[in-house]
Amino acid sequence: MGAQMRFEIQAAPLDLDLTLGCGQTFRWRRTTDGSWSGVIGDQSVNLRKNGNRVTVNAHPGGRGVREYVLDFVRAHDDIGKIQGRLGEDPVLALGMKKMKGLRIVKLDEWECLVSYVLATYANIPRIMKMVDALAVNYGSRIEHGVYSFPDRMQLSKATVKELTGLGLGYRADYVKELCEIVDEQMLRSLSKASYERLRRELIELPGVGDKVADCVSLFGFGRLESFPIDIWMERALARLYKQRGSYKTLRTFAAERFGEYAGYAQEYLYHNERMHARDSCCAFSE
DNA sequence: GCCCAGGAGTGTG
DNA sequence: CACACTCATGGG
């Protein structure tokens, strides 16, 4: 069946259902036995909670895979310090109790950019379907039924017509343009940029506005000070903090209130708001 | 059938 | 700066 690699990582607290189940990443599925299967780079990965540890199965495996996985779940974050700092906020302290194992993931920059451009004005099940369609049609086959997310060369082969046919709608044009504009050098340059410059330059890309730029900054480039605001976050900020207004207004409020770890605050508030509304629409509810 | 979705782009006041 | 309108479509 080909190479397979198995090892354990320690990244407590890490709740797989919370971290992989509700909309940060669109490529992970909960299996019937409660483990999670997805793709990290060119690896087909299964994660299974094993007490205080997580058992990792990776195919095809190889040198450096352990670090890939540790980076993906941001195992090197000082969660205690982050939650201690955010816990100074009484609202957050309350909600955080149920979400201690919710971690921010670190996605590939290109995959994250395309995924969140697709995410505009679509619900999570549909986004998962679109991202999956790109992988199956333009990515590399890793093993049976599992495909990597296509790099720019692979995705460049797609025509707008094909992309529309995969259900991308008006997003097809954005994806096509991104393939033409973004290159490796740009991503490298952005990786070194300050958060403010990163954000500014992302917004210049087609299909990228305030919200997508913040998602890509947070999940793709690992900028923990980023605070994406979608419809759920508007509800959370209005309900819990009595804050309403433009994106800029809310963004400034978040920066002052939550500081360098605003991204974690955002994830706690986002999930809390969705749970509060209803528990449908969450991958791990089934 | 109806409403909504991890919004962005463009035009207008 | 804020607001209004359009965009194309599947999921609940």
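K.L.:
Can you break down helix H13 (residues 231–241) residue by residue, with the values?
P.N.:
Buried within H13 are the following residues: Met233, Ala236, Leu237, Ala238 and Tyr241. For H13, the secondary structure elements touched by its buried residues are helix H4 (90–96), helix H14 (247–258) and helix H15 (262–277).

K.L.:
An account of the side chain of Ser115 is requested, with residue identities and associated values reported.
P.N.:
With respect to the helices and strands, Ser115 occurs in helix H5 (residues 109–118). Of the polar contacts made by the side chain of Ser115, one reaches the backbone oxygen of Glu111; its length is 2.7 Å.

K.L.:
Break down the packing of helix H3 (residues 79–86) against H15 for me, citing the residues and quoting the values.
P.N.:
The interhelical angle for the contact between H3 and H15, taken along N-to-C directions, is 75 degrees, at an axis separation of 10 Å. Classed by the angle they form, the pair H3 and H15 counts as roughly perpendicular. Seen from H3, the contacting residues are Ile79, Ile82, Gln83 and Leu86; seen from H15, they are Tyr264, Ala265 and Tyr268. Class assignment of the residues belonging to the contact of H3 with H15 gives a composition of six nonpolar, one polar and no charged.

K.L.:
Can you break down the nonpolar core residue by residue, with the values?
P.N.:
In this structure, Leu86, Trp110 and Phe258 are the most contacted members of the largest nonpolar core, which totals 90 residues. Dropping the residues within four chain positions of it, Trp110 is found in contact with Phe149, Pro150, Asp151, Arg152, Leu155, Leu178, Cys179, Val182 and Leu187.

K.L.:
How would you explain the pattern of salt bridges if you had to name every residue and give the values?
P.N.:
Taken as a whole and assessed by the stated rule, the structure comprises 13 salt bridges. Across the pair Asp132 and Arg27 runs a salt bridge whose closest N-O atoms are separated by 4.0 Å. Note that Asp132 is positioned in helix H6 (residues 124–138) and Arg27 in the loop between helix H1 (16–21) and strand S2 (29–30), a separation of 105 residues in sequence. A relative accessible area of 33% means that Asp132 is categorised as partly exposed. For Arg199, the salt bridge identified is with Asp210, shortest N-O distance 3.1 Å. Remark: Asp210 occurs in helix H12 (residues 210–220) and Arg199 occurs in helix H11 (residues 195–203); sequence separation between them is 11 residues. A single salt-bridge network, built from bridges that share partners, covers Arg199, Asp210 and Asp214.

K.L.:
Break down the protein's contact with DNA strand B for me, citing the residues and quoting the values.
P.N.:
Around DNA strand B, the surrounding shell holds 28 residues, and the nearest of these are Gly23, Asn123, Ile124, Arg235 and Gln266. Per the 4 Å cut-off to the protein, sugar and phosphate atoms form 62% of the nearby atoms of DNA strand B. Between DNA strand B and Tyr121 there is a distance of 2.9 Å, counted from a base nitrogen to a side-chain nitrogen or oxygen. Interatomic distance of 3.5 Å between a backbone N/O atom of Val208 and a phosphate oxygen of DNA strand B. Split by residue class, the surface near DNA strand B holds 16 nonpolar, six polar and six charged.

Here is what the cut-offs are and how they apply
- Residues numbered from 1 in each chain as written.
- Chains lettered and ligands numbered in written order.
- Predicted model: local features only at pLDDT ≥ 70, side-chain atom pairs only at ≥ 80, totals over all residues.
- Heavy atoms only, no water.
- Buried < 20%, exposed > 50% of the residue type's maximum accessible area, 1.4 Å probe, protein only.
- Helix = DSSP H or I, 4+ residues; strand = E, 2+ residues; numbered from the N terminus.
- Contact = heavy atoms within 4.5 Å.
- Polar contact = N/O pair within 3.5 Å; in protein donor to acceptor, adjacent residues only side chain to side chain.
- Axes fitted to C-alpha atoms, helices over the stretch in contact; angles between N-to-C directions.
- Parallel < 35°, antiparallel > 145°, perpendicular 65-115°, else oblique.
- Nonpolar A, V, L, I, M, F, W, Y, C, P; charged D, E, K, R; others polar.
- Core = buried A, V, L, I, M, F, W, Y, C linked by side-chain atoms within 4.5 Å.
- Salt bridge = Lys/Arg side-chain N within 4 Å of Asp/Glu carboxyl O.
- Near = heavy atom within 4 Å.

This is a description of form; function is not addressed.
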